[in-house]
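# An overview of the molecular structure
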Amino acid sequence: MANVETVLGPIPDTELGSILSHEHVLVSMGNDIRHYPWRFDLERTKHNAIRELSEAKQGGIDTIIDLTTPDLGRAVRYVRDVAQATGVNIVVATGIWRDIPRSFWQRDPDETAEIFVREIEVGIEDTGIKAGAIKVANDAEGVTPEAELVLRAAARACKRTGCPISTHQWAPKEVGRRQVEIFKEEGVPMDRVCIGHSADSTDPDYLEELLNAGVYLSMDRYPGVPPRPEWQARNRTLKALIDRGWAERLMVGHDYAPMPILQGQPDPEPTTTRYLFLNTVALPALREDGVSENVIHTMTHEVPRRFLAG
Ligand SMILES: [Zn+2]
(Lines give C-alpha, C1' and ligand atoms only; values in the text may rest on other atoms or scores of the structure.)
Protein backbone atom coordinates (compact mmCIF):
# COMPACT_ATOMS: atom_id res chain seq x y z
CA MET A 1 0.00 0.00 0.00
CA ALA A 2 1.15 3.53 -0.80
CA ASN A 3 -0.30 6.95 -0.06
CA VAL A 4 -1.58 9.22 -2.82
CA GLU A 5 -1.81 12.99 -2.36
CA THR A 6 -5.29 14.48 -2.81
CA VAL A 7 -6.55 18.01 -2.32
CA LEU A 8 -7.70 16.93 1.19
CA GLY A 9 -4.39 15.27 2.03
CA PRO A 10 -2.81 11.84 1.53
CA ILE A 11 -5.00 8.73 1.34
CA PRO A 12 -4.07 5.04 0.96
CA ASP A 13 -4.18 3.98 -2.70
CA THR A 14 -6.53 1.16 -1.71
CA GLU A 15 -9.20 3.81 -1.00
CA LEU A 16 -9.09 5.45 -4.45
CA GLY A 17 -11.87 3.25 -5.88
CA SER A 18 -13.02 4.10 -9.39
CA ILE A 19 -10.75 6.74 -10.97
CA LEU A 20 -11.21 9.06 -13.96
CA SER A 21 -7.81 9.65 -15.56
CA HIS A 22 -8.08 13.22 -16.86
CA GLU A 23 -10.66 15.76 -15.69
CA HIS A 24 -10.98 19.32 -14.44
CA VAL A 25 -13.08 20.94 -11.72
CA LEU A 26 -12.66 24.56 -12.85
CA VAL A 27 -10.91 25.83 -15.97
CA SER A 28 -10.16 29.46 -16.65
CA MET A 29 -7.80 30.07 -19.56
CA GLY A 30 -5.58 33.07 -19.03
CA ASN A 31 -6.50 32.80 -15.35
CA ASP A 32 -9.39 35.21 -16.06
CA ILE A 33 -11.09 34.27 -12.78
CA ARG A 34 -8.24 35.95 -10.86
CA HIS A 35 -7.68 38.92 -13.17
CA TYR A 36 -11.33 39.77 -13.96
CA PRO A 37 -13.22 38.31 -10.98
CA TRP A 38 -16.15 40.71 -11.51
CA ARG A 39 -17.07 38.80 -14.69
CA PHE A 40 -17.68 35.52 -12.85
CA ASP A 41 -20.21 34.18 -10.37
CA LEU A 42 -17.84 31.76 -8.67
CA GLU A 43 -20.28 30.89 -5.89
CA ARG A 44 -22.87 29.60 -8.36
CA THR A 45 -20.10 28.00 -10.44
CA LYS A 46 -18.92 26.12 -7.35
CA HIS A 47 -22.49 25.19 -6.43
CA ASN A 48 -22.93 23.68 -9.90
CA ALA A 49 -19.59 21.81 -9.72
CA ILE A 50 -20.66 20.35 -6.37
CA ARG A 51 -23.97 19.25 -7.89
CA GLU A 52 -22.23 17.55 -10.83
CA LEU A 53 -19.52 15.83 -8.78
CA SER A 54 -22.05 14.68 -6.16
CA GLU A 55 -23.98 13.10 -9.00
CA ALA A 56 -20.74 11.54 -10.28
CA LYS A 57 -20.03 10.13 -6.82
CA GLN A 58 -23.52 8.61 -6.67
CA GLY A 59 -22.94 7.20 -10.15
CA GLY A 60 -19.82 5.33 -9.04
CA ILE A 61 -16.93 7.79 -9.43
CA ASP A 62 -14.69 7.88 -6.33
CA THR A 63 -11.61 9.77 -7.57
CA ILE A 64 -10.70 12.19 -10.36
CA ILE A 65 -7.28 13.36 -11.50
CA ASP A 66 -7.69 17.12 -11.99
CA LEU A 67 -5.00 18.18 -14.47
CA THR A 68 -5.49 21.94 -14.18
CA THR A 69 -2.26 23.95 -14.23
CA PRO A 70 -1.60 27.60 -13.29
CA ASP A 71 -2.03 28.72 -16.93
CA LEU A 72 -5.45 26.98 -16.95
CA GLY A 73 -6.56 28.91 -13.87
CA ARG A 74 -5.74 26.32 -11.20
CA ALA A 75 -7.58 27.22 -7.97
CA VAL A 76 -6.84 24.58 -5.32
CA ARG A 77 -8.83 26.22 -2.49
CA TYR A 78 -11.93 26.09 -4.71
CA VAL A 79 -11.17 22.43 -5.56
CA ARG A 80 -10.72 21.66 -1.86
CA ASP A 81 -14.20 23.06 -1.11
CA VAL A 82 -15.67 20.89 -3.89
CA ALA A 83 -13.88 17.76 -2.60
CA GLN A 84 -15.10 18.43 0.94
CA ALA A 85 -18.70 18.91 -0.19
CA THR A 86 -18.86 15.88 -2.50
CA GLY A 87 -16.64 13.20 -0.98
CA VAL A 88 -14.89 12.72 -4.35
CA ASN A 89 -11.11 12.30 -3.97
CA ILE A 90 -9.45 14.90 -6.18
CA VAL A 91 -5.77 14.66 -7.14
CA VAL A 92 -4.43 18.05 -8.26
CA ALA A 93 -1.47 18.82 -10.49
CA THR A 94 1.67 20.86 -10.85
CA GLY A 95 3.19 21.53 -14.27
CA ILE A 96 2.25 23.83 -17.14
CA TRP A 97 -0.27 23.51 -19.97
CA ARG A 98 -0.06 25.04 -23.48
CA ASP A 99 0.00 28.71 -22.41
CA ILE A 100 3.55 28.60 -21.14
CA PRO A 101 4.17 31.87 -19.29
CA ARG A 102 7.03 33.89 -20.80
CA SER A 103 8.86 33.61 -17.47
CA PHE A 104 9.40 29.91 -18.25
CA TRP A 105 10.74 30.40 -21.78
CA GLN A 106 14.38 30.85 -20.79
CA ARG A 107 14.35 29.26 -17.36
CA ASP A 108 16.70 26.33 -17.02
CA PRO A 109 14.80 23.01 -16.74
CA ASP A 110 16.45 22.33 -13.37
CA GLU A 111 15.11 25.60 -12.02
CA THR A 112 11.61 24.88 -13.35
CA ALA A 113 11.88 21.38 -11.88
CA GLU A 114 12.51 23.03 -8.47
CA ILE A 115 9.15 24.81 -8.82
CA PHE A 116 7.34 21.56 -9.63
CA VAL A 117 9.12 19.68 -6.82
CA ARG A 118 8.12 22.39 -4.34
CA GLU A 119 4.46 21.94 -5.32
CA ILE A 120 4.82 18.15 -4.92
CA GLU A 121 6.74 18.11 -1.63
CA VAL A 122 5.74 21.31 0.20
CA GLY A 123 2.50 22.35 -1.44
CA ILE A 124 0.79 24.72 -3.86
CA GLU A 125 0.99 28.41 -2.92
CA ASP A 126 0.69 28.52 0.90
CA THR A 127 -2.08 25.91 1.16
CA GLY A 128 -0.04 22.82 2.01
CA ILE A 129 -2.06 21.03 -0.71
CA LYS A 130 0.41 18.80 -2.55
CA ALA A 131 0.35 17.99 -6.25
CA GLY A 132 -0.14 14.30 -7.06
CA ALA A 133 0.66 14.55 -10.77
CA ILE A 134 2.73 16.65 -13.18
CA LYS A 135 0.88 17.94 -16.25
CA VAL A 136 2.51 18.95 -19.53
CA ALA A 137 0.93 19.77 -22.88
CA ASN A 138 1.87 19.77 -26.55
CA ASP A 139 -0.78 20.32 -29.20
CA ALA A 140 -0.85 20.56 -33.01
CA GLU A 141 2.22 22.83 -32.97
CA GLY A 142 4.27 19.89 -31.65
CA VAL A 143 6.95 20.27 -29.01
CA THR A 144 8.13 23.89 -29.30
CA PRO A 145 11.53 24.92 -27.84
CA GLU A 146 9.94 26.45 -24.72
CA ALA A 147 7.64 23.44 -24.30
CA GLU A 148 10.67 21.15 -24.50
CA LEU A 149 12.14 22.97 -21.49
CA VAL A 150 8.92 22.28 -19.57
CA LEU A 151 8.94 18.59 -20.57
CA ARG A 152 12.54 18.22 -19.40
CA ALA A 153 11.69 19.98 -16.13
CA ALA A 154 8.71 17.65 -15.62
CA ALA A 155 10.97 14.66 -16.28
CA ARG A 156 13.50 15.83 -13.68
CA ALA A 157 10.81 16.58 -11.08
CA CYS A 158 9.35 13.11 -11.70
CA LYS A 159 12.74 11.43 -11.29
CA ARG A 160 13.36 13.27 -8.01
CA THR A 161 9.95 12.68 -6.46
CA GLY A 162 8.36 9.68 -8.20
CA CYS A 163 5.34 11.90 -8.92
CA PRO A 164 3.78 10.71 -12.22
CA ILE A 165 3.59 12.77 -15.42
CA SER A 166 0.31 13.04 -17.35
CA THR A 167 0.45 14.66 -20.77
CA HIS A 168 -1.84 16.40 -23.19
CA GLN A 169 -0.90 15.37 -26.72
CA TRP A 170 -2.42 16.19 -30.09
CA ALA A 171 -2.84 12.54 -31.05
CA PRO A 172 -3.88 12.99 -34.72
CA LYS A 173 -0.40 14.43 -35.33
CA GLU A 174 1.19 11.77 -33.10
CA VAL A 175 2.79 14.35 -30.83
CA GLY A 176 3.05 11.77 -28.03
CA ARG A 177 5.96 10.16 -29.88
CA ARG A 178 8.17 13.21 -29.27
CA GLN A 179 7.01 13.42 -25.64
CA VAL A 180 8.13 9.81 -25.12
CA GLU A 181 11.48 10.51 -26.82
CA ILE A 182 12.22 13.41 -24.50
CA PHE A 183 11.23 11.47 -21.37
CA LYS A 184 13.48 8.60 -22.51
CA GLU A 185 16.40 10.99 -23.07
CA GLU A 186 15.86 12.27 -19.53
CA GLY A 187 15.82 8.74 -18.13
CA VAL A 188 12.29 8.85 -16.67
CA PRO A 189 10.97 5.41 -15.67
CA MET A 190 8.31 4.91 -18.35
CA ASP A 191 5.79 3.52 -15.87
CA ARG A 192 5.66 7.03 -14.35
CA VAL A 193 4.30 8.48 -17.63
CA CYS A 194 0.80 8.63 -19.07
CA ILE A 195 0.29 9.97 -22.60
CA GLY A 196 -3.10 11.68 -22.61
CA HIS A 197 -5.87 12.51 -25.08
CA SER A 198 -4.79 9.34 -26.86
CA ALA A 199 -8.33 8.45 -27.95
CA ASP A 200 -8.20 11.48 -30.28
CA SER A 201 -6.25 9.05 -32.50
CA THR A 202 -8.12 6.19 -34.16
CA ASP A 203 -4.89 4.44 -35.17
CA PRO A 204 -4.13 1.52 -32.83
CA ASP A 205 -0.73 1.00 -34.47
CA TYR A 206 0.46 4.46 -33.42
CA LEU A 207 -0.92 3.99 -29.91
CA GLU A 208 0.67 0.55 -29.63
CA GLU A 209 4.01 2.10 -30.57
CA LEU A 210 3.66 4.39 -27.53
CA LEU A 211 2.63 1.47 -25.31
CA ASN A 212 5.67 -0.48 -26.47
CA ALA A 213 7.80 2.29 -24.95
CA GLY A 214 6.32 1.35 -21.56
CA VAL A 215 3.96 4.26 -20.91
CA TYR A 216 0.30 4.32 -19.89
CA LEU A 217 -2.32 5.82 -22.19
CA SER A 218 -5.24 7.95 -21.10
CA MET A 219 -8.11 7.20 -23.49
CA ASP A 220 -10.12 10.27 -22.64
CA ARG A 221 -12.12 13.16 -24.07
CA TYR A 222 -15.30 11.08 -24.06
CA PRO A 223 -17.83 11.65 -25.58
CA GLY A 224 -15.80 13.49 -28.26
CA VAL A 225 -16.78 16.74 -29.94
CA PRO A 226 -16.65 16.81 -33.79
CA PRO A 227 -14.36 17.07 -35.72
CA ARG A 228 -12.63 14.91 -33.09
CA PRO A 229 -13.67 11.24 -33.11
CA GLU A 230 -17.03 10.60 -31.43
CA TRP A 231 -17.42 8.14 -28.60
CA GLN A 232 -18.17 5.09 -30.75
CA ALA A 233 -14.87 5.59 -32.60
CA ARG A 234 -13.08 6.05 -29.26
CA ASN A 235 -14.57 2.78 -28.07
CA ARG A 236 -13.45 1.00 -31.25
CA THR A 237 -9.85 2.15 -30.76
CA LEU A 238 -9.96 1.26 -27.06
CA LYS A 239 -11.37 -2.18 -27.89
CA ALA A 240 -8.65 -2.75 -30.52
CA LEU A 241 -5.97 -2.05 -27.88
CA ILE A 242 -7.73 -4.28 -25.32
CA ASP A 243 -7.87 -7.08 -27.91
CA ARG A 244 -4.13 -6.68 -28.46
CA GLY A 245 -3.62 -7.27 -24.73
CA TRP A 246 -2.97 -3.74 -23.44
CA ALA A 247 -5.71 -3.35 -20.80
CA GLU A 248 -3.08 -3.23 -18.04
CA ARG A 249 -1.84 0.11 -19.44
CA LEU A 250 -5.08 1.89 -20.34
CA MET A 251 -7.16 4.33 -18.31
CA VAL A 252 -10.21 6.39 -19.24
CA GLY A 253 -11.65 9.86 -18.70
CA HIS A 254 -13.61 12.76 -20.20
CA ASP A 255 -11.34 15.83 -19.94
CA TYR A 256 -14.50 17.49 -18.66
CA ALA A 257 -14.87 20.75 -16.76
CA PRO A 258 -18.17 22.42 -15.90
CA MET A 259 -18.13 25.90 -17.52
CA PRO A 260 -17.60 28.92 -15.25
CA ILE A 261 -20.92 30.78 -14.84
CA LEU A 262 -20.74 34.48 -15.69
CA GLN A 263 -22.46 37.20 -13.65
CA GLY A 264 -26.06 37.53 -14.76
CA GLN A 265 -25.95 34.30 -16.75
CA PRO A 266 -28.63 31.73 -15.85
CA ASP A 267 -27.61 28.45 -14.20
CA PRO A 268 -26.94 25.64 -16.69
CA GLU A 269 -29.73 23.11 -17.25
CA PRO A 270 -29.32 20.33 -14.67
CA THR A 271 -28.68 17.58 -17.22
CA THR A 272 -26.80 14.37 -16.41
CA THR A 273 -23.22 15.31 -15.66
CA ARG A 274 -20.65 14.52 -18.32
CA TYR A 275 -18.42 13.04 -15.59
CA LEU A 276 -20.77 10.02 -15.92
CA PHE A 277 -20.70 9.57 -19.71
CA LEU A 278 -18.30 6.62 -19.48
CA ASN A 279 -20.23 4.90 -16.70
CA THR A 280 -23.64 5.40 -18.30
CA VAL A 281 -22.93 5.11 -22.05
CA ALA A 282 -19.43 4.18 -23.24
CA LEU A 283 -18.52 1.43 -20.75
CA PRO A 284 -21.94 -0.32 -21.04
CA ALA A 285 -21.42 -0.32 -24.84
CA LEU A 286 -17.97 -1.87 -24.38
CA ARG A 287 -19.51 -4.59 -22.20
CA GLU A 288 -22.03 -5.27 -24.94
CA ASP A 289 -19.10 -5.55 -27.33
CA GLY A 290 -17.74 -8.37 -25.20
CA VAL A 291 -15.24 -6.56 -22.96
CA SER A 292 -15.23 -8.32 -19.59
CA GLU A 293 -16.09 -6.74 -16.25
CA ASN A 294 -12.59 -7.68 -15.16
CA VAL A 295 -10.98 -5.61 -17.94
CA ILE A 296 -13.24 -2.64 -17.21
CA HIS A 297 -12.32 -2.83 -13.53
CA THR A 298 -8.64 -2.92 -14.52
CA MET A 299 -8.94 0.28 -16.60
CA THR A 300 -11.10 2.21 -14.13
CA HIS A 301 -9.50 1.12 -10.84
CA GLU A 302 -6.23 -0.79 -11.08
CA VAL A 303 -4.32 1.03 -13.82
CA PRO A 304 -4.87 4.61 -12.59
CA ARG A 305 -4.23 3.46 -9.01
CA ARG A 306 -0.87 2.02 -10.04
CA PHE A 307 -0.10 5.15 -12.07
CA LEU A 308 -0.75 7.41 -9.07
CA ALA A 309 0.80 5.25 -6.36
CA GLY A 310 3.89 4.01 -8.23
ZN1 LIG B 1 -7.53 18.49 -19.80
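Read on for a plain summary of the structure.

What counts and how
Residues numbered from 1 in each chain as written. Predicted model: local features only at pLDDT ≥ 70, side-chain atom pairs only at ≥ 80, totals over all residues. Heavy atoms only, no water. Helix = DSSP H or I, 4+ residues; strand = E, 2+ residues; numbered from the N terminus. Expected span 1.5 Å × (residues − 1). Bend = angle between axes of the 7 residues up to and from the residue. Buried < 20%, exposed > 50% of the residue type's maximum accessible area, 1.4 Å probe, protein only. Donors = N, O, S within 2.8 Å, 3.2 Å for Na, K, Ca; no water. 1 Å grid on protein atoms, 1.4 Å probe; cavity = no way out; pocket = protein on both sides within 12 Å on 5 of 7 lines; lining within 4 Å. Points joined across faces, edges and corners; volume = space filled by probe spheres on them. Nonpolar A, V, L, I, M, F, W, Y, C, P; charged D, E, K, R; others polar. Phe/Tyr/Trp six-rings, centres within 6.5 Å; stacked < 30°, edge-to-face > 60°. Lys NZ or Arg CZ within 6 Å of the ring centre and 35° of its normal. Pairing = 2+ DSSP bridges. Right-handed = clockwise from strand over helix to strand, strands pointing away. Axes fitted to C-alpha atoms, helices over the stretch in contact; angles between N-to-C directions. Contact = heavy atoms within 4.5 Å.

### Comments concerning helix H10 (residues 293–309)
Residues spaced three or four apart along an α-helix face the same direction, because each turn holds 3.6 residues. The first and last C-alpha atoms of H10 sit 23 Å apart over 17 residues, in line with the 24 Å expected at 1.5 Å per residue. Of all the bends found along H10, the most pronounced is centred on Met299 and spans about 40°. Where H10 is concerned, the buried positions are Val295, Ile296, Thr298, Met299, Thr300, Val303, Pro304, Phe307, Leu308 and Ala309. At the exit of H10 stands Gly310, carrying a positive phi of roughly 80°.

### Thoughts on the coordination of the zinc ion
By definition of the ideal shapes, a tetrahedral metal site with four donors has angles of 109.5 degrees and an octahedral site with six donors has angles of 90 or 180 degrees. Here the zinc ion is held by His22 (NE2), His24 (NE2) and Asp255 (OD), and the distances to it run 2.1 Å. Sequence spacing among the residues donating to the zinc ion works out to H-x1-H-x230-D. Pair noted here: His24 is in the loop between strand E3 (19–23) and helix H1 (32–35) and Asp255 is in the loop between strand E10 (250–252) and helix H9 (277–288), with a separation of 231 residues, a long-range link. Accessibility assignment for this pair places His24 and Asp255 in one class, buried.

### What to know about the layout of surface pockets
A probe matching the size of a water molecule, rolled over the atoms, marks out where space remains unfilled. Taken as a whole, the largest pocket spans an internal volume of roughly 490 Å³. Lining the largest pocket are 21 residues, and of these His24, Val27, Met29, Asp255 and Ala257 lie nearest its centre. A per-class count over the lining of the largest pocket returns 10 nonpolar, six polar and five charged.

### Here we look at the packing of aromatic side chains
Enumeration according to the criterion identifies four aromatic pairs in this entry. The interplanar angle of 80° and the centroid separation of 4.8 Å between the aromatic rings of Tyr256 and Tyr275 together place this pair among those described as edge-to-face. Placement of the pair is Tyr256 in the loop between E10 and H9 and Tyr275 in the loop between E10 and H9, with a sequence separation of 19 residues. Just as Tyr256 is buried, Tyr275 falls in that class too. Of note, Arg39 hangs over the ring of Phe40, and the distance from its end group to the ring centre comes to 5.8 Å. Stacked on the ring of Phe104, the Lys or Arg Arg107 has its end atom at 4.7 Å from the ring centre.

### Considering the pairing of strand E9 (residues 216–219)
On E9, burial covers both faces: Tyr216 and Ser218 on one face and Leu217 and Met219 on the other are all buried. Of the pairings in the sheet, the one linking strand E8 (residues 193–196) to E9 comprises two bridges and is parallel in character. Residue Ile195 lies in a different strand from E9, and its bridge partner there is Leu217. Considered for its hand, the β-α-β crossover made up of E8, helix H7 (residues 204–212) and E9 is right-handed. In this structure, E9 lies alongside E10, joined through three bridges in parallel fashion. Across the sheet, the residue bridging to Ser218 is Met251, located in E10. What joins E9 to E10 is helix H8 (residues 231–243), and the crossover it makes is right-handed.

### Points about the sheet that holds strand E6 (residues 133–138)
Read from one edge of the open sheet, eight strands run E3-E4-E5-E6-E7-E8-E9-E10, paired in parallel fashion. The open sheet has two edge strands with one neighbour each: E3 and E10. Recorded for the sheet is a direction-independent mean angle of 25° between the axes of neighbouring strands. Here helix H5 (residues 145–161) sits on the sheet in contact with E6 and strand E7 (165–169), set at roughly 160° to E6.

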